[in-house]
Amino acid sequence: SGPATVSPTGQPTGADQARMAQSGSYLTNAQGTRLYDTDHSLKAGPRGPVLLQDHHLREKVMHFDHERIPERVVHARGAGAHGVFRSYGTAANVTKAAFLAEDVETPVFVRFSTVLGSRGSSDTVRDTRGFATKFYTSEGVFDLVGNNIPVFFIQDAIKFPDVIHAGKPHPDREIPQAQSAHDTFWDFVTLHTEATHHTLWNMSDRGIPRSYRTMEGFGVHTFRLVNAEGGTTLVKFHWKPKLGVHSLVWEEAQIINGVDPDFHRRDLYDAIEAGAYPQWEFGIQTFPDTPDQTFEGIDLLDPTNIVPEELAPVQPIGLLTLDRNPSNFFAETEQVAFHVGHLVPGIDITDDPLLAGRLFSYLDTQITRLGGPNFPQIPINRPHSPVNDMLRDGFHQTAVHRGVAPYRPNSLDGGCPFTPGADLEGAYVETPVRVPEATKVRDAPESFQDHFSQPRRFWLSMSPPEREHIIGAYTFELAKCYEQAIRERALKVLANIDPELCEGVAAGLGLPAPAPTVPLADVEPSPALSQVGQTWPTD
Ligand code: HEM
C-alpha cells in the first residue's frame, strides 16, 4: 500500500495508522505473533486446570478488563460526525483567521451530546444539548464548544461543580438518570436565580429537540475577533440549521424514550448514510469592542444574556456540512477532546468569568479521561497542520521525537533559532487588551444582578402553544419534587418572569400564585426566539 504518511514527529497518521493496527490475513497477538486458536485456554488435558503460562489468554482478558475509559464528567452521551466547513469570506474584514477567508474548505468533526445523562442514557430527555465543533484549520485546531441554548446557568465557573452536582442524579438514590425532574436541580436553580434564563429555555421546546439536525448552536460567550490590521470586534457565534429549528412535544419524547432511546444518534447516522447531509450556516453577531463591553445596555461578559437578533442580526459567514459517519465510535466520538482554549490567530477570548474557568477545566479533565497528557496525539485530536512542540514523554507517548534539545533557543539541534517575540507572522498573538486598574475582589459586577428581564423577553416572544408547553414542562418537573418548599420557591421565581406563566404552573401544582418581588421588566419580545414558522423543507 505504499509508504505510510508520517506526521512531523515521524509517526504514521490517519488511515495509515489505522491500517497498521489491523493488517494481514491471519490473527495475531498484540506483538504480531500468529495465533492458531483464540477460543480455548491452554489446559493440562481437555478437562484439566487452565495453565498460568497461557499468555494469550492473559493478554486477551487483561486487555478486555481495561477497555473502558471514564465517561465525560458532563456531556457523556453523544454522537459525532465528520464534515467540511466552507467559509464565505464575509468575516474577513473582522478576523484574520485563515479558515474564515473566502472559499476556504476546512475539515471538521462535530459532537452533539446531552449534558446530564450517563453514556448509556436515552436521547430524547429534557436537557441542554452540546454542539461542539473541531475545525482542523491550516493554522491549528479551533474548537467551538457550544450548546443548543445560547445562555448558561451560571455566570462564574467557580459554581460549575455546584450546578452539575445539583443536576446529576441524587447522591443517595442515583435518580433520575438524565432529567431535570428532581429536588437538587430545582433547589439550585431557584436559589441561584441567575439560572432562571437557562432553565426557562430548558422548559421550552428547545429542551427536547426533534433531531440534532434541527438544533441551533451557540458559542454562548462573547468572543473577540482580530483582523489583519489588529482591529478588534466582539462577537457571538451561531449555528443555524438549514432544516429549521424543530422540537418534539413532551408526549412524543416520552414514547420515543421507550421505543428508541438512541433516536437522535440513529437519526444523525441514518441521515448521513442516506446522503441527506445536515447543514448549518455559521453566523456572527458583531458588537463594537468598547471599553465597557456592553451592547444596547446588555453586558456582553454575562453568559446568561443573549443579544436579540433584532438588535444585532446574525450575519452568515460559512456553511457546515456533515457528510461522513465515524467508522469507530470509541476512536472518534469517545476520544475526541474539545477545548475552548483551542484558538487560532484572529479569534481571541474575553473576560467572561465562565469562559475563564472553562479554559482550565477541559484540558485538566481530559488528562484523566484520556489517560495522561498525550491525548492530542490520538488521531481524531491531531491537528491537520504541522506540530512542532517541545512537549515530551509522559503516559501514552507515541511520537518518537528527534533531537536532544527540547528547548528554544538551542545550539544543538541544527540551530532552530527562536527569539521570543521576533517572528509574529502567522503566530497566535494575544490581543493587547487593557486590563482595568482594579482591586482584587471575589464578587460579581452590578450588571450581573438582573436575572429576570431576559427570561421575561423569552417568555413574551413565545407563541400560545409554546407557552402552553412551557407551563406543562414546569408543572411536570416541579410536581416530581419531594419538597413542597422548592415548588413554592420556584413559583416565586416564575412570578418575577410573568404572571401568566406563574399562574399556569401554580394551577397545575394546586398552589397559590405568589406576587412578583421585583417590578416586571419592560422588554420587547424578540420574534427570532420563537420556533413558530419554521417548517421542514419540501425539497
Ligand atoms: C464538556 C459546552 C461550561 C466543563 C462540554 C461539552 C460541551 C460543553 C458541548 C461536550 C464536548 C464534547 O462533545 O466532547 C459547554 C458550554 C458551557 C460550558 C456551552 C458554557 C457556556 C462549562 C464550564 C465548565 C465545563 C463552566 C467547567 C468549569 C466541562 C467538562 C467537560 C465539558 C469538564 C467534559 C470534557 C471532556 O471530558 O472532554 N461542555 N460547557 N463546561 N464541559 Fe462544558
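Rules used throughout
Per chain, residue numbering runs from 1 following the sequence as it is written. The model is predicted, so local features are restricted to residues of pLDDT at least 70 and side-chain atom pairs to those at 80 or more, both for listing and for counting; the totals for chains, interfaces and linings are taken over all residues. By definition, any uninterrupted DSSP run of H or I lasting at least four residues is a helix, any uninterrupted run of E lasting at least two residues is a strand, and each is numbered from the N terminus. Here the globule rule reads 2.2 Å times residues to the power 0.38, and the radius of gyration is calculated from C-alpha atoms. Comment: burial labels come from other C-beta atoms within 10 Å of the residue's own C-beta, placed from the backbone, where a count of 20 or more is buried, 12 or fewer is exposed, and between is partly exposed. Residues are treated as contacting if the C-beta atoms built from their backbones sit within 7 Å of each other. Buried Ala, Val, Leu, Ile, Met, Phe, Trp, Tyr and Cys residues form a nonpolar core when they are connected through C-beta atoms within 7 Å. By definition, two strands form a pair when at least two bridges between them are found by DSSP. We call a residue near a molecule or strand when its C-beta atom, built from the backbone, sits within 6 Å of it. Residue polarity is assigned by list, with Asp, Glu, Lys and Arg as charged and Ala, Val, Leu, Ile, Met, Phe, Trp, Tyr, Cys and Pro as nonpolar; anything else, Gly included, falls into the polar class. Every residue gets a pLDDT, meaning the predictor's confidence in that residue, from 0 to 100. Axis definition: a line fit to C-alpha positions, over the contact stretch in the case of helices; interaxial angles, taken between N-to-C directions, run 0 to 180 degrees. By the definition adopted for this analysis, an angle is roughly parallel if under 35 degrees, roughly antiparallel if over 145, roughly perpendicular if from 65 to 115, and oblique otherwise. The arc under discussion is defined with respect to the helix axis, by the directions toward the C-beta atoms.

(A) Spatial organisation of the overall build of the protein chain. Scanning the protein chain from N- to C-terminus turns up 13 helices and 12 strands. For 539 residues, the compact-globule estimate of 2.2 N^0.38 gives 24 Å, and the C-alpha radius of gyration of the protein chain, at 26 Å, lies within 12% of that figure. Buried residues in the protein chain amount to 37% of all 539 residues. Restricting to contacts in the protein chain with at least 6 residues of sequence separation, those with at least 24 account for 72%.

(B) Region of interest: the nonpolar core. If you look at the biggest cluster of nonpolar residues, it comprises 94 residues, and the most contacted ones within it are Tyr474, Leu494, Leu501 and Val505. Looking at this core, the element that brings in the most residues is helix α12 (residues 484–495), giving six residues. Among residues more than four places away in sequence, those in contact with Leu501 are Trp459, Ile470, Ile471 and Leu494.

(C) Local environment of the pairing of strand β3 (residues 129–137). For β3, the buried fraction is high: nine of the nine residues fall into the buried class. Of the two faces of β3, the one holding Arg129, Phe131, Thr133, Phe135 and Thr137 and the one holding Gly130, Ala132, Lys134 and Tyr136 are both buried throughout. A loop of two residues connects β3 with strand β4 (residues 140–147), the two strands running antiparallel in sequence.

(D) Examining the site of the ligand more closely. Close contacts around the ligand come from 29 residues, with His75, Arg111, Gly130, Val220 and Ser361 the closest. With eight residues, the top contributor of residues to the shell around the ligand is helix α9 (residues 353–369). When its residues are assigned to classes, the shell around the ligand shows 14 nonpolar, 11 polar and four charged.

(E) Unusual backbone geometry, seen in detail. Along the chain, Ile175 connects to Pro176 via a cis peptide bond; the corresponding omega equals -5 degrees. Topologically, Pro176 is positioned in the loop between α3 (160–167) and α4 (183–191). Looking along the chain, the bond that leaves Arg408 and enters Pro409 is cis, with omega of -10 degrees. With a phi angle near 50 degrees, Glu296 is a residue other than glycine that sits in the positive phi range. With respect to the helices and strands, Glu296 occurs in the loop between β9 (294–295) and β10 (298–299). Using a count of 9 C-beta atoms within 10 Å as the deciding quantity, one classes Glu296 as exposed.

(F) Local environment of the confidence of the model for the protein chain. On average, residues of the protein chain score 93 in pLDDT, and 93% of them reach the 70 mark or higher. ipTM for the predicted complex: 0.96, alongside a pTM of 0.95.

(G) Expanded view of the environment of Pro49. Along the polypeptide, Pro49 turns up in the loop between α1 (14–21) and α2 (55–65). Overall, the presence of 9 C-beta atoms within 10 Å leaves Pro49 in the exposed class. Along the primary structure Pro49 and Asp389 are separated by 340 residues, whereas in three dimensions their C-alpha atoms are 52 Å apart.

(H) Quick look at the packing of α12 against helix α13 (residues 499–509). Where α12 meets α13, the closest approach of the two axes is 8 Å, and the angle between their N-to-C directions is 160 degrees. For the element pair α12 / α13, the angle class is roughly antiparallel. Between α12 and α13, the residues in contact are Arg487, Leu491, Leu494 and Ala495 and Pro499, Leu501, Cys502, Val505, Ala506 and Leu509, respectively. Here the contact of α12 with α13 is built from residues that sort into nine nonpolar, no polar and one charged.

(I) How the structure looks around the packing of α3 against α4. Closest axis-to-axis distance for the α3/α4 pair is 7 Å, and the angle between their directions is 140 degrees. Here Asp162, Val163, Ala166 and Gly167 of α3 come into contact with α4, specifically with Thr184, Phe185, Asp187 and Phe188. Counted by class, the contact of α3 with α4 contains four nonpolar, two polar and two charged residues.

(J) Just the environment of Phe152, in detail. By the secondary structure assignment, Phe152 is in the loop between β4 and α3. According to the C-beta neighbour criterion, Phe152 is buried, with 26 such atoms within 10 Å. In this structure the C-alpha to C-alpha distance between Phe152 and Phe360, which are 208 residues apart in sequence, comes to 18 Å. Other than its neighbours up to four places away in sequence, Phe152 contacts His198, Val220, Pro303, Thr304 and Leu354.

(K) Representation of helix α7 (residues 263–273) in the model. Considered for burial, the residues of α7 that qualify are His264, Arg265, Leu268 and Ile272. Considered in projection along α7, the buried side chains sweep an arc of 110 degrees and stay on one side of the axis. Facing away from the buried side of α7 by over 90 degrees, the exposed positions are Asp270 and Glu273. Considering only its buried residues, α7 is in contact with β1 (78–87) and β11 (315–324). One or two positions beyond α7, positive phi appears at Gly275, with a value near 85 degrees.

(L) Representation of the environment of Gly426. With respect to the element layout, Gly426 can be found in the loop between α9 and α10 (453–461). Separated by 330 residues in sequence, Gly426 and Lys96 place their C-alpha atoms 9.7 Å apart.

(M) Structural detail: the pairing of strand β6 (residues 223–226). Here β6 shows two buried faces, one formed by Phe223 and Leu225 and the other by Arg224 and Val226. The sheet contact formed by β6 and strand β7 (residues 232–241) spans four bridges and is antiparallel. Looking across to β7, one finds that Leu225 is bridged to Thr233. What sits between β6 and β7 in their antiparallel hairpin is a turn of five residues, with Gly230 showing a positive phi close to 90 degrees.

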